[in-house]
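Analysis of the macromolecular model
Next come the chains, spelled out residue by residue.
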Amino acid sequence: MDLETLLSYPWRIMLPEFVIVITAALLSLLDLFWKEQASRRPLAWIALAGIGLAVLFLVINAGQPVQEILYETFRLDGFASAFKLIFLLGAAIVFLIALDRDFGQQLPYQGEYYYLILTAVLGAMIAASSADLITLFVGIELLSISSYVLVAIRKHNLKANESALKYVISGGIATAVTLFGFSYIYGLTGSTNLFVIQERLSQGVNDGLLPLIALALLVSFVGLTFKLSVVPYHMWAPDVYQGASTPVTAFLSVVSKGAGFALVIRFLMVTLQGMADSEMILWENLAGLLVTVLSVLAALSMIIGNTLAMRQTNLKRLLAYSSIAQAGYLLVPVAAGIALLQTGEVSASNLFHIVLFYLAAYLFMNLGAFALVQLIGKETEDIRGLAGLYRRAPGKALAMTLFLASLAGIPLTAGFVGKYYILMGAVGANLYALAAVMVITTVISYYYYFGLAVQMYMREPEVDQPLTAPSSLNIVLSVCVIGTLLLGLLPNLALDLIQTQFNLLEVFLPYSH
Amino acid sequence: MIPVSWYLGLAALLFCLGLYGALTKRNTVIVLICIELMLNATNINLVAFSKLGLYPDIAGQVFTVFSITVAAAEVAVGIAILLAFYRNRRTVNIDEANVLKR
């Protein structure tokens, strides 16, 4: 292959990824030649600039038709662009939380910290826009391995060691399970390309291979639930969220989870789309089975997450259980999507827009809550640390109330609108039982979210000094408040924006030369 | 020629052994080895399918190369984390990792 053919490929569709790679490489070099004792904070600003540039290229690329390069493994479509925007936004907010000066001083290996976040985001971006099992796997592993190191980075802290050890072991098992499922899918189709798999799976069903296909898809999905932190792979979340430093926890709860959803939706929807055209009874069995499994897992995640959260006294553990429940809510539109795939109505529905909307809402409300945890976490991570926050810092207490109300799903907040859309989606796909579980567990969740609010307004503070935040945390809190309110008050505007800018249904569009 | 089902049987057996070991063993080094066993089971699957599958094709062997590389990276990080844990706790037993609240 000569240089001319090499340059003739449309490399510009990978520009956001290139920017992140180059920034990460630049940061690692700068970190090497930086003065030993000097603060590494300027590196975080370089990383933020890199993320800004990547967002710019992403937006420029967004309107283009579907394109694939690198032997059709890397794919640019509206679905990938929309999710990548969420990841980059989440990473930028995580950098701002990490810029908190006190946090930086306790942190060894500050430079590594910054570029590992970038490589983790890169993994998420590659996974979101891959049309091939191999790139999908490599992307998710880049994300996972970077996250293991990020959790372990405070290596003299026993809690961090322990949570990293649990994370790497459960992650390793999940990887092996996913790969085992992938190997069967490859064996049944002879290809790693998702669209070829889609074609050959429908042939395979004709040839009577349905049990094997169902097994392969289920095993792969179970492995992938590790990234979503839903049942059956949720038990790592509380330990890891508690042991990791707060910005890393925030990263895991939003970006890593978002990448998991991008992956699961693309993988399941594209491989199963062959059934949309056929009216075979066998496909209906397979779809019915998958919808049942996904609904049960979603329901269990909501029940387990919301009930166990009530008993927690550690703020980060409580938010971990809450994030398991939130992942359960997000799994509902995926189950509904598979149910509608069968009738071919999925292209007329806006289920993917709902997932994206709820993920954006979750980004703002959850990262806002974690920014506050970072602030009070300097004193204690117990929920009593919130006591009397209204007297110590009224503005921050109000902001936290908004985030909690949104996580609980109170009207006029982003979380409420997102949950309403999810419920409508579930009812539209005739998943009434799942919708009922969702409503009931939401009511249960009010208990612990309001428990936190009671601490802030009714309890006496242990230290009665005003609480001041560094400017970077104030910026994060204001951005998150504005985001939560905007998505809550003008949801149609946001949905219209998603619909006009990103055509999420392009995920189904095969690429033609 | 050995039929494909033998390879698949071997891989399934290895995978189950690895999973059993990873879930029951106390020593973290053994747990990490068991995870390797599970990953190697998938490699056997991929190579067997690449030669004897429904649609024989080179992609399976390419996939294996990727999976070996990624598994090596993952275990390197796992061992590093285990070492950090050992230096603080003076033990490699996973059930003694119980500082965090249950």
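Residues numbered from 1 in each chain as written. Chains lettered and ligands numbered in written order. Predicted model: local features only at pLDDT ≥ 70, side-chain atom pairs only at ≥ 80, totals over all residues. Heavy atoms only, no water.

What to know about the overall build of chain A
- Within chain A, the regular secondary structure consists of 21 helices and two strands.
- Dimensions of chain A along its principal axes, counting C-alpha atoms only, are 70 × 60 × 40 Å.
- Looking at chain A as a whole, 65% of its 513 residues are labelled buried.
- Nonlocal contacts in chain A, meaning residues at least 24 apart in sequence, comprise 81% of its contacts between residues at least 6 apart.
- With an accessible surface of roughly 17800 Å², chain A has 66% of that area assigned to carbon and sulfur atoms.
- Seen as two clouds, the 25 positive and the 29 negative side-chain charges of chain A have centres 13 Å apart. (Helix = DSSP H or I, 4+ residues; strand = E, 2+ residues; numbered from the N terminus. Buried < 20%, exposed > 50% of the residue type's maximum accessible area, 1.4 Å probe, protein only. Contact = heavy atoms within 4.5 Å. Areas by Shrake-Rupley, 256 points an atom, 1.4 Å probe, with all protein chains shown as cover. Lys, Arg positive; Asp, Glu negative; His and termini not counted. Charge placed at Lys NZ, Arg CZ, Asp CG, Glu CD.)

What about a nonpolar patch on the surface?
- On the surface, Leu412(A), Ile482(A), Leu485(A), Leu486(A), Leu489(A), Leu490(A) and Leu493(A) cluster together into a nonpolar patch covering about 680 Å² of accessible area.
- Along the chain, Leu489(A) falls in helix 20 (residues 471-489). (Patch = residues over 30% accessible without salt bridge, like charges linked within 9 Å, V, L, I, M, F, W, Y side chains within 5 Å. Salt bridge = Lys/Arg side-chain N within 4 Å of Asp/Glu carboxyl O.)

Details of the state of the cysteines
- Evaluation of the coordinates by the stated rule reveals zero disulfides over all chains.
- Looking at Cys34(B), it has no disulfide partner, and the nearest cysteine sulfur is the one in Cys16(B), 12 Å off. (Disulfide = S-S within 2.5 Å.)

Observations regarding the environment of Met458(A)
Residues and elements named next belong to chain A.
- Following the sequence through the fold, Met458 ends up in helix 19 (residues 432-458).
- Since its relative accessible area comes to 61%, Met458 is described here as exposed.
- For the pair formed by Met458 and Val230, sequence separation is 228 residues and the distance between their alpha carbons is 34 Å.

Concerning the nonpolar core
Residues and elements named next belong to chain A.
- Residues Phe83, Phe87, Phe95, Tyr113, Phe267, Leu286 and Leu331 are the most contacted members of the largest nonpolar core, which totals 226 residues.
- It is helix 15 (residues 351-376) that provides the largest number of residues to this core, a total of 22 residues.
- Apart from residues no more than four positions distant in its own chain, Leu286 is found in contact with Leu210, Ile213, Ala214, Leu217 and Leu272. (Core = buried A, V, L, I, M, F, W, Y, C linked by side-chain atoms within 4.5 Å.)

Side note on the interface of chain B and chain A
- Each side of the interface is counted separately: chain B has 45 residues, and chain A has 47 residues.
- For the pair chain B and chain A, the summed buried area comes to about 4100 Å², and 75% of that belongs to carbon and sulfur atoms.
- In this assembly, chain B and chain A are joined by zero salt bridges.
- Our count for the contact surface shared by chain B and chain A stands at nine residue pairs in polar contact (both at pLDDT 80 or more).
- Among the elements of the structure, helix 1 (4-24), helix 2 (28-52) and helix 3 (59-89) of chain B are those that each provide at least two residues to the side of chain B that touches chain A.
- Along the lines of polarity and charge, the residues of the side of chain B that touches chain A split into 30 nonpolar, 10 polar and five charged. (Buried area = accessible area lost by both parts, 1.4 Å probe. Polar contact = N/O pair within 3.5 Å; in protein donor to acceptor, adjacent residues only side chain to side chain. Nonpolar A, V, L, I, M, F, W, Y, C, P; charged D, E, K, R; others polar.)

A look at helix 21 (residues 491-501) of chain A
Residue and element names in this part refer to chain A.
- Turning to helix 21, its buried residues number three or more, namely Pro491, Ala494, Leu495 and Ile498. When helix 21 is viewed along its axis, its buried side chains cluster within an angular range of 95 degrees and face the same direction. Facing away from the buried side of helix 21, by more than 90 degrees, are the exposed residues Asn492, Leu493, Leu497 and Thr500.
- The secondary structure elements touched by the buried residues of helix 21 are helix 15, helix 18 (414-428) and helix 20. (Arc of directions from axis to C-beta.)

Considerations on the packing of helix 17 (residues 394-408) of chain A against helix 18 of chain A
Residues and elements named next belong to chain A.
- Packing of helix 17 against helix 18 leaves a shortest axis separation of 6 Å and a crossing angle of 10 degrees. Here helix 17 lies roughly parallel to helix 18, going by the angle between them. Here helix 17 contributes Ser406, Leu407 and Ala408 to the contact with helix 18, which in turn contributes Ala414, Gly415, Phe416 and Lys419. (Axes fitted to C-alpha atoms, helices over the stretch in contact; angles between N-to-C directions. Parallel < 35°, antiparallel > 145°, perpendicular 65-115°, else oblique.)

Here we look at the confidence of the model for chain B
- Taken over all residues, the pLDDT of chain B has a mean of 91, while the share at 70 or more is 98%.
- The ipTM assigned to the predicted complex is 0.96, against a pTM of 0.94. (pLDDT = per-residue confidence, 0-100.)

Brief notes about the pattern of salt bridges
Residues and elements named next belong to chain B.
- For the structure on display, the rule yields 12 salt bridges over all chains.
- Of the charged contacts in the structure, one is a salt bridge between Asp95 and Arg26, with a shortest N-O distance of 2.8 Å. Highlighted residues: Asp95 in the segment after helix 3 and Arg26 in the loop between helix 1 and helix 2, separated in sequence by 69 residues.
- On the basis of relative accessible area, Asp95 is assigned to the partly exposed category, the value being 40%.

Thoughts on the environment of Gly418(A)
Residues and elements named next belong to chain A.
- For Gly418, the position within the fold is in helix 18.
- Classification of Gly418 by relative accessible area gives buried; the value is 0%.
- Linking Gly418 and Ala309, residues 109 residues apart in sequence, is a C-alpha distance of 21 Å.
- Leaving out residues up to four positions away in the same chain, Gly418 has contacts with Phe357 and Tyr358.

Thoughts on the confidence of the model for chain A
- Put simply, chain A has an average pLDDT of 89, and 97% of its residues get 70 or more.
- Averaged pLDDT values for the elements of chain A fall to 66 in helix 5 (residues 101-106) of chain A and rise to 95 in helix 7 (residues 133-152) of chain A.

Points about unusual backbone geometry
- At the junction of Val231(A) and Pro232(A), the peptide bond is cis and its omega measures out at 5 degrees in the coordinates.
- Turning to its location among the elements, Pro232(A) is positioned in the loop between helix 10 (210-228) and helix 11 (236-243).
- A positive phi is found at Glu72(A), a non-glycine position, where the angle reads about 55 degrees.
- Mapped onto the fold, Glu72(A) is located in the loop between strand 1 (67-69) and strand 2 (74-76).
- A positive phi angle, close to 60 degrees, is found at Arg90(B), a residue other than glycine.

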